[in-house]
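Close look at the chain arrangement
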Amino acid sequence: MEDLFYFHQLKAAFSDHADQERAVRMKAYMRNQFEFFGIESPIRKKIVSGILSENGKPELPVLIGLTGLLWSQPEREMQYAAMDINNYFLKKLIPAYMPIYEKLIGQKSWWDTVDWLAPRAMGSLFLRYPEHIDRHVENWLSSGNIWYIRSAILFQLHYKKHTDFELLKSIILQTIGSTEFFINKASGWALREYSKTNASAVTEFVESTPALSGLTKTEALKWLKRGNTMESGPEK
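What this report covers is the structure whose coordinates are included nearby.

1. Some words on helix H1 (residues 2–16)
With 15 residues, H1 should cover 21 Å at 1.5 Å per step; its first-to-last C-alpha distance of 21 Å lies within 8% of that length. Every buried residue belonging to H1 is among Asp3, Tyr6, Phe7, Leu10, Ala13 and Phe14, and all of these are buried. Take H1 and look down its axis: the buried residues cluster within an arc of 140°, on one side only. Here the buried face of H1 lies against helix H3 (41–55), helix H4 (60–71) and helix H5 (76–86).

Next up, the structure:
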């Protein structure tokens, strides 16, 4: 099967480039939750790109099986490879792929995968098929799972002027009282990103909502208070 072909190509290449010393450091950085080959991001992306250039990108049906195979592996670079490959297909996907990405949010969950799955994978699909948003967000918020709740907050992260700010505010208000770092940080991050599009709306919301956590407030206003010079990057 083609998915196995790509899978074995990737695993063999990653094994050839494994660095045990770096793997130990990478594992420690991720709180010892995942195994690693010890491959830095630029090298990993070069390996993935090389395999796809040599063999062609997998067809969409193959992509599903390949993603599942990669996600099942203990080494974190295999999940990263799945995300690298899926990035090529996001604009081509239809709502039938939503359950696949939604399921992955709850598997091997940590910020490094969820912060791609929510704003990139699910966010891309929701932007084109907004009629599916309400049902998924409602389920995520009621799940009690911090990673699904974080996903509800972050799926609009890259929407800019297309952000439904009323929805974002409603989601954040439903999380007030949470002491979970990854939820409160996500709320601040989402507000901060939208402040680059509508600073006054974010400022007004933060100032009029004293129950927001200190972390959320600090993160929400960080870009504005630093003179709009911050660059976007991954958030833990």
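Don't stop here, the text continues.
2. Overview of the packing of helix H8 (residues 133–142) against helix H9 (residues 146–154)
A pair of packed helices can be characterised by two numbers: the angle between their axes and the separation between those axes. Where H8 contacts H9, the two axes come as close as 7 Å, and the packing angle between them is 140°. Our classification of the angle between H8 and H9 gives oblique. Relative to H9, the crossing made by H8 is left-handed. Here Val137, Trp140 and Leu141 of H8 come into contact with H9, specifically with Tyr148, Ile149, Ser151 and Ala152. Along the lines of polarity and charge, the residues of the contact of H8 with H9 split into six nonpolar, one polar and no charged.

Reading the values: rules and limits
Residues numbered from 1 in each chain as written. Predicted model: local features only at pLDDT ≥ 70, side-chain atom pairs only at ≥ 80, totals over all residues. Heavy atoms only, no water. Helix = DSSP H or I, 4+ residues; strand = E, 2+ residues; numbered from the N terminus. Expected span 1.5 Å × (residues − 1). Buried < 20%, exposed > 50% of the residue type's maximum accessible area, 1.4 Å probe, protein only. Arc of directions from axis to C-beta. Contact = heavy atoms within 4.5 Å. Axes fitted to C-alpha atoms, helices over the stretch in contact; angles between N-to-C directions. Parallel < 35°, antiparallel > 145°, perpendicular 65-115°, else oblique. Left-handed = near helix turned anticlockwise from the far one by under 90°. Nonpolar A, V, L, I, M, F, W, Y, C, P; charged D, E, K, R; others polar.

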